[in-house]
Amino acid sequence: MYGDQRKMISNTTQRTSATTDQYLHKYRQIRDRIRCLDGLQKEALVHPDRIVRYLIEGRPGWAKRTWIYYKRAVIVGLEEDAGLAGGEQRDLMLSAAARISKETQTLALSRGTRTSSKKAKTTSMKEIKLIYMAMRDAEGKLDDMSDQLSCFMVASISTGLRPSEWAQADLVQESTGLQLKVVNAKATNGRANGLYRHIHLDGL
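Since we're looking at a predicted model, the values are computed, not measured. (Residues numbered from 1 in each chain as written. Predicted model: local features only at pLDDT ≥ 70, side-chain atom pairs only at ≥ 80, totals over all residues. Heavy atoms only, no water.)

## Remarks on the pattern of salt bridges
Any two side chains of opposite charge can pair if their charged atoms end up close together.
Point 1. Summed over the entire model, instances satisfying the criterion amount to 10 salt bridges.
Point 2. For R53, the salt bridge is made with E57, and the minimal N-O distance between the two is 3.5 Å. Placement of both R53 and E57 in helix 3 (residues 48-58) is noted, with a separation of four residues, approximately one turn of the helix.
Point 3. The class for R53 is partly exposed, based on a relative accessible area of 41%.
Point 4. Across the pair R197 and E165 runs a salt bridge, and its minimum N-O distance is 2.8 Å. Of the two residues, R197 is situated in strand 3 (residues 196-200) and E165 in the loop between helix 7 (144-159) and strand 1 (170-174); the sequence distance between them amounts to 32 residues. (Salt bridge = Lys/Arg side-chain N within 4 Å of Asp/Glu carboxyl O. Helix = DSSP H or I, 4+ residues; strand = E, 2+ residues; numbered from the N terminus. Buried < 20%, exposed > 50% of the residue type's maximum accessible area, 1.4 Å probe, protein only.)

## A few points about the environment of V76
Point 1. Structurally, V76 is set in helix 4 (residues 64-84).
Point 2. Along the primary structure V76 and T20 are separated by 56 residues, whereas in three dimensions their C-alpha atoms are 7.5 Å apart.

## Describing helix 5 (residues 87-101)
Point 1. Its 15 residues give helix 5 an end-to-end C-alpha distance of 22 Å, which sits within 8% of 21 Å, the value for a rise of 1.5 Å per residue.
Point 2. Among all positions of helix 5, only M93, L94, A96, A97, A98 and I100 are buried. (Expected span 1.5 Å × (residues − 1).)

## Some thoughts on the packing of aromatic side chains
Point 1. Per the stated rule, a full pass over the model turns up five aromatic pairs.
Point 2. On the basis of an interplanar angle of 45° and a centroid distance of 5.7 Å, the ring pair of Y23 and Y69 is categorised as tilted. Here Y23 is found in helix 2 (residues 17-38), whereas its partner Y69 is found in helix 4, with 46 residues between them in sequence.
Point 3. Looking at Y69, the relative accessible area reads 30%, which means it is partly exposed.
Point 4. Ring centres of Y69 and Y70 lie 6.3 Å apart, and the angle between their planes is 45°; this geometry places the pair in the tilted category.
Point 5. Joined through ring pairs, the aromatic side chains of Y23, Y54, W62, Y69 and Y70 make up one cluster.
Point 6. Positioned above the aromatic ring of W67, the side-chain terminus of R59 is 4.9 Å from the ring centre.
Point 7. One residue, K181, lies across the ring of Y196, its end atom 4.3 Å from the ring centre. (Phe/Tyr/Trp six-rings, centres within 6.5 Å; stacked < 30°, edge-to-face > 60°. Lys NZ or Arg CZ within 6 Å of the ring centre and 35° of its normal.)

## Side note on the nonpolar core
What tends to happen in soluble globular proteins is that the nonpolar side chains get buried as a cluster.
Point 1. With 20 residues, the main nonpolar core has I30, I51, L55, V74 and L78 as its most contacted residues.
Point 2. The biggest single contributor to this core is helix 4, with six residues.
Point 3. Those residues in contact with L55 that lie beyond four places of it in its chain are I30, W62, W67, Y70, K71, V74 and I100. (Core = buried A, V, L, I, M, F, W, Y, C linked by side-chain atoms within 4.5 Å. Contact = heavy atoms within 4.5 Å.)

## Re the side chain of R35
Point 1. One can find R35 in helix 2.
Point 2. We classify R35 as buried; its relative accessible area is 10%.
Point 3. Among all residues touching R35, those that are not within four sequence positions of it are L40, Q41, K42, E43, A44 and V46.

## Thoughts on a negative patch on the surface
Point 1. Residues D137, D143, D144 and D147 make up a contiguous surface patch of negative charge.
Point 2. Of note, D137 is situated in the loop between helix 6 (125-134) and helix 7.
Point 3. D137 sits in the partly exposed class, given a relative accessible area of 43%. (Patch = residues over 30% accessible without salt bridge, like charges linked within 9 Å, V, L, I, M, F, W, Y side chains within 5 Å. Areas by Shrake-Rupley, 256 points an atom, 1.4 Å probe, with all protein chains shown as cover. Lys, Arg positive; Asp, Glu negative; His and termini not counted. Charge placed at Lys NZ, Arg CZ, Asp CG, Glu CD.)

## Some remarks on helix 7
Point 1. An ideal rise of 1.5 Å per residue puts 22 Å on 16 residues; helix 7 measures up with 22 Å between its terminal C-alpha atoms.
Point 2. Packed against the buried residues of helix 7 are helix 6, strand 2 (177-183) and strand 3.
Point 3. The N-capping residue of helix 7, defined by a side-chain oxygen 3.2 Å from the backbone nitrogen of M145, is D143.
Point 4. After helix 7 finishes, the residue G160 shows a positive phi value of roughly 80°. (Polar contact = N/O pair within 3.5 Å; in protein donor to acceptor, adjacent residues only side chain to side chain.)

## Here's the deal with the sheet that holds strand 3
Point 1. Read across the sheet, three strands follow the order 1-2-3 without closing on themselves; strand pairing throughout is antiparallel. Since the sheet does not close on itself, it has two edges, and those belong to strand 1 and strand 3, each with one partner. Sheet twist, expressed as the mean angle between neighbouring strand axes with direction ignored, is 35°.
Point 2. Strand direction decides the pairing type here: strand 2 and strand 3, joined by five bridges, are antiparallel. Across the sheet, K181 pairs through a bridge with H198, a residue of strand 3. (Pairing = 2+ DSSP bridges. Axes fitted to C-alpha atoms, helices over the stretch in contact; angles between N-to-C directions.)

And the structure:
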């Protein structure tokens with residue numbers, strides 16, 4: 001029964017490995033959060049039912065998009081753990097994944113009160129200058145790491161790249177001038193306007 005149940009819960013055919021990694025990372029964060037709330041040791045096992053209860057209790061304070069993301073992350077995480085477990089523990093994890101999959105977003109908020117909707121989306125030039133000055137030593141110099149960080153800040157502000165997009169960004173020389181070829185961070189599952197974007201660097 002649980003083998004069929006697992007296929008029904010988690011559809012992996014349209015999910016990239018990067019998305020799966022993001023879900024697993026979020027699942028572990030949720031699990032660590034529960035350990036902290038319950039006063040458990042770092043490596044202590046968290047009962048699958050406790051994870052389900054955490055999501056259900058937290059839903060009224062989360063935005064619908066946050067709830068959906070957490071829900072998917074927990075399902076993927078529980079199934080991953082179930083694949084490594086055995087016997088009763090495996091059954092408990094798959095059963096918990098099946099229960100949370102049936103929960104809907106109805107009781108979640110249109111906009112969250114404790115999530116990214118309340119976080120600042122921009123940084124002022126004044127704040128950037130303060131960060132830049134704080135990295136300098138008593139003589140006004142930058143060490144190697146601070147120098148790299150300041151360059152990263154200036155380059156990111158100038159180009160608008162997300163931090164994760166730098167890893168696969170390439171400089172290319174086109175007939176129209178020097179360009180930065182960027183793999184769009186949100187191009188998975190049909191999102192964004194194509195896999196790549198090109199940023200003209202002449203004039204920056």
